[in-house]
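# Per-entry structural report
Here are the chains, one letter per residue:
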Amino acid sequence: MRLRGWVSFSKLAAGSLSSASWRRKQPQAAATLCRQKHVCLFSQSGANMAEEAKKLAAYAAVDNHVQNNQVVGVGSGSTIVYAVDRLAERVRQEKLNIVCVPTSFQARQLILQHGLTLSDLDRHPELDVAIDGADEVDADLTLIKGGGGCLTQEKIVAGCAKHFVVIADYRKDSKALGQQWKKGVPIEVIPMAYVPVSRTIAKRFGGEANLRMAVSKAGPVVTDNSNFILDWKFESAQNWKDVNTAIKMIPGVVETGLFVSMAERAYFGMEDGSVQIRDPPVN
């Protein structure tokens, strides 16, 4: 009997028994289901809006910065998927000669799946432009990157590019780092050093640096470079240039997710369907 009651309630939650008589008899349950339905619809609408914003930013960046006979650095993450879509579309339509250098396994697969020309830094050590996403962008175009674990290769590729362009949706836009992104600054470390590095960061800069644990495997996240990632949750605003340099000097640190004075332009897809462009402030 309990099982039947549970099945009936599940069907009702799915909308198969949403009769007016049941609502009269069970007003609290009916109200709860209505609230859940509205929250679900709101969440889906917000997610769709964010995805459309990512696409707008990605398309704008590819259209404005990619030209024929270029070597393009391809970033990682959810927003870059739209950039590769647009890049492949332009290559087909305009017969462009484009060579792509990936920043991760994911980026490499995207390039191959779209039939684009794949290369690497051995053959093309100097790139014309690199396009990548970000977890957060502040007013100075300082970035937090590495939420997907690809920060080291992303920074290497960005550093090899003549122009580094960032694409993001409106949720990644902040006046100061930490306003939107609450997961901290990713720091890639040699596995044997993660404990001393974590302790040193907390002691010198405050906050806490926690080992990132995997979701679909037991144990920690392992990067494409076979390293671990610490997520440093800082307590207050910092001089990010000095902090970035200081953290990188700690033995065992491979790279940080702080991208300081690297991006020359950021494209934000907005909620209203527009694209906002931000350049670094003029000192």
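Notes on the structure follow. (Residues numbered from 1 in each chain as written. Predicted model: local features only at pLDDT ≥ 70, side-chain atom pairs only at ≥ 80, totals over all residues. Heavy atoms only, no water.)

Note on placement: Gly178 falls in the loop between β7 (161–169) and β8 (185–189). Here the alpha-carbon distance between Gly178 and Lys233, two residues 55 residues apart in the chain, equals 8.7 Å. Not counting residues up to four positions away in its chain, the partners in contact with Gly178 are Glu136 and Phe234. (Helix = DSSP H or I, 4+ residues; strand = E, 2+ residues; numbered from the N terminus. Contact = heavy atoms within 4.5 Å.)

What follows concerns the sheet that holds β7. In a beta sheet, neighbouring strands are held together by backbone hydrogen bonds and run either parallel or antiparallel to one another. With mixed pairing, the seven strands of this open sheet are ordered in space as β3-β2-β1-β4-β7-β13-β14. Two strands in the sheet have a free side with no partner beyond their single neighbour: β3 (117–118) and β14 (275–278). Two strands pair when backbone bridges link them, and strand β2 (residues 98–102) and β3 are joined in this way by two bridges, in the parallel orientation. Directly across from Val99, in β3, lies its bridge partner Thr117. Helix α4 (residues 80–94) rests against β1 (70–74), β2, β4 (127–132) and β7 of the sheet, and its axis sits at about 160° to β2. (Pairing = 2+ DSSP bridges. Axes fitted to C-alpha atoms, helices over the stretch in contact; angles between N-to-C directions.)

Moving on, we come to the pattern of salt bridges. Close approach of charged atoms allows side chains of opposite charge to pair. Tallying each qualifying case throughout the model produces 15 salt bridges. Note that Arg90 and Glu94 form a salt bridge whose closest N and O atoms lie 2.9 Å from each other. Of the two residues, Arg90 and Glu94 both sit in helix α4, four residues apart, roughly one turn of that helix. Classification of Glu94 by relative accessible area gives partly exposed; the value is 39%. Between Lys248 and Glu255 there is a salt bridge whose closest N-O contact spans 3.4 Å. For Glu255, a relative accessible area of 10% puts it in the buried group. Residues joined by salt bridges that share partners form a network here, namely Asp63, Arg86 and Glu89. (Salt bridge = Lys/Arg side-chain N within 4 Å of Asp/Glu carboxyl O. Buried < 20%, exposed > 50% of the residue type's maximum accessible area, 1.4 Å probe, protein only.)

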